[in-house]
Amino acid sequence: MGERRRHEGPADDGSGQAHDSEAATSQFVERFAAQLVEAGMARMPARVFAALLSSEQGALTSPELGERLKVSPAAVSGAVRYLAQVNMVSREREPGSRRERYRVQGDQWHSALMERDAVLRNWQATMREGVDHFGLQTPQGRRINDTLEFFQFLEKEFGSLMERWAAHKAQHLGR
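Residues numbered from 1 in each chain as written. Predicted model: local features only at pLDDT ≥ 70, side-chain atom pairs only at ≥ 80, totals over all residues. Heavy atoms only, no water.

Caption draft 1: View of the pairing of strand 3 (residues 100-104). Sheet analysis places strand 1 (residues 59-61) next to strand 3, joined by three bridges and oriented antiparallel. If you follow Ala-59 over to strand 3, its bridge partner there is Arg-103. For strand 2 (residues 89-93) and strand 3, the ladder comprises five bridges, and the chain directions are antiparallel. The residue bridging Val-89 from the neighbouring strand is Val-104, located in strand 3. (Pairing = 2+ DSSP bridges. Helix = DSSP H or I, 4+ residues; strand = E, 2+ residues; numbered from the N terminus.)

Shown next, in the form of structure tokens:
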């Protein structure tokens, strides 16, 4: 057998505290991942994101993620690829190594929402085409227009929401 890797968290002093800490971390990861899945994220990216978010350094290697989550390197790779595409994690090289570490971004939610803003603009263009095609006098045209109005409202509010977030972050988090 190979050398056993030390997990982040308190050392086991014989009282079982390290095991309890690992169990609590695992429980957090699985609970938050389940909530992300309920919100529409695929299960493996949700688990990887929750594991990175709850890690002490906010960064882990593929083998570390695989060990923590009890999954294959291929599962980790696919999850990280998705999370990188939606700007929720970044890849970085370990100094002096070919091994990559995956890091959760400090502003991952802001980045993800900014990506969604671009998606909303694209959806608005398509909704406008639908309204033009069906016309406001038809039931489908009115439904599509309702969706368009909602997306336009979101886009309008999005800018002020991000400004309020920046002020809140500066006041409460000192950043």
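Caption draft 2: Up close: the pattern of salt bridges. Inspection of the entire model under this criterion finds five salt bridges. Between Arg-43 and Glu-30 there is a salt bridge, with the nearest N and O atoms lying 3.7 Å from each other. Taken together, the residues span a long stretch of sequence, with Arg-43 in helix 2 (residues 43-54) and Glu-30 in helix 1 (residues 17-38) at a distance of 13 residues. Accessibility expressed as a relative area gives 47% for Arg-43, which makes it partly exposed. A relative accessible area of 24% places Glu-30 in the partly exposed class. Residue Glu-30 is joined to Arg-47 by a salt bridge in which the shortest nitrogen-to-oxygen separation is 2.8 Å. Residue Glu-30 is found in helix 1, and its partner Arg-47 is found in helix 2; the two are separated by 17 residues along the sequence. Arg-47 sits in the buried class, given a relative accessible area of 9%. (Salt bridge = Lys/Arg side-chain N within 4 Å of Asp/Glu carboxyl O. Buried < 20%, exposed > 50% of the residue type's maximum accessible area, 1.4 Å probe, protein only.)

Caption draft 3: A look at helix 3 (residues 62-69). Turning to helix 3, its buried residues are Ser-62, Glu-64, Leu-65, Gly-66 and Leu-69. One or two positions beyond helix 3, positive phi appears at Lys-70, with a value near 60°.

Caption draft 4: Region of the structure containing the packing of aromatic side chains. Counting across every chain of the model gives four aromatic pairs. When the centroid spacing of 6.0 Å and the interplanar angle of 20° are considered together, the rings of Phe-28 and Phe-32 count as stacked. Here Phe-28 pairs with Phe-32, and both are found in helix 1, just four residues apart, close to one helical turn. A relative accessible area of 40% means that Phe-28 is categorised as partly exposed. A ring pair is formed by Phe-32 and Phe-49, whose centres lie 6.5 Å apart and whose planes are at 45°; its orientation type is tilted. On the criterion of sequence distance, the pair formed by Phe-32 in helix 1 and Phe-49 in helix 2 is long-range, its members being 17 residues apart. Grouping residues by exposure puts Phe-32 and Phe-49 together as buried. (Phe/Tyr/Trp six-rings, centres within 6.5 Å; stacked < 30°, edge-to-face > 60°.)

Caption draft 5: Layout of the confidence of the model for the chain. In this model, the chain carries a mean pLDDT of 85, and residues with pLDDT of at least 70 account for 88%. Mean pLDDT across the secondary structure elements of the chain bottoms out at helix 5 (residues 108-134), with 85, and peaks at helix 2, with 96. Overall, residues 1-12 carries pLDDT values under 50, and its contacts beyond four positions in sequence, including any with other chains, amount to 16 contacts. (pLDDT = per-residue confidence, 0-100. Contact = heavy atoms within 4.5 Å.)

Caption draft 6: Quick look at the packing of helix 2 against helix 4 (residues 73-85). Interhelical geometry of helix 2 versus helix 4 gives an angle of 85° and a closest axis separation of 8 Å. By the angle class used here, helix 2 and helix 4 are roughly perpendicular. On helix 4, the residues touching Met-44, Pro-45, Val-48 and Phe-49 of helix 2 are Ala-75, Ala-79, Val-80, Tyr-82 and Leu-83. Counted by class, the contact of helix 2 with helix 4 contains nine nonpolar, no polar and no charged residues. (Axes fitted to C-alpha atoms, helices over the stretch in contact; angles between N-to-C directions. Parallel < 35°, antiparallel > 145°, perpendicular 65-115°, else oblique. Nonpolar A, V, L, I, M, F, W, Y, C, P; charged D, E, K, R; others polar.)

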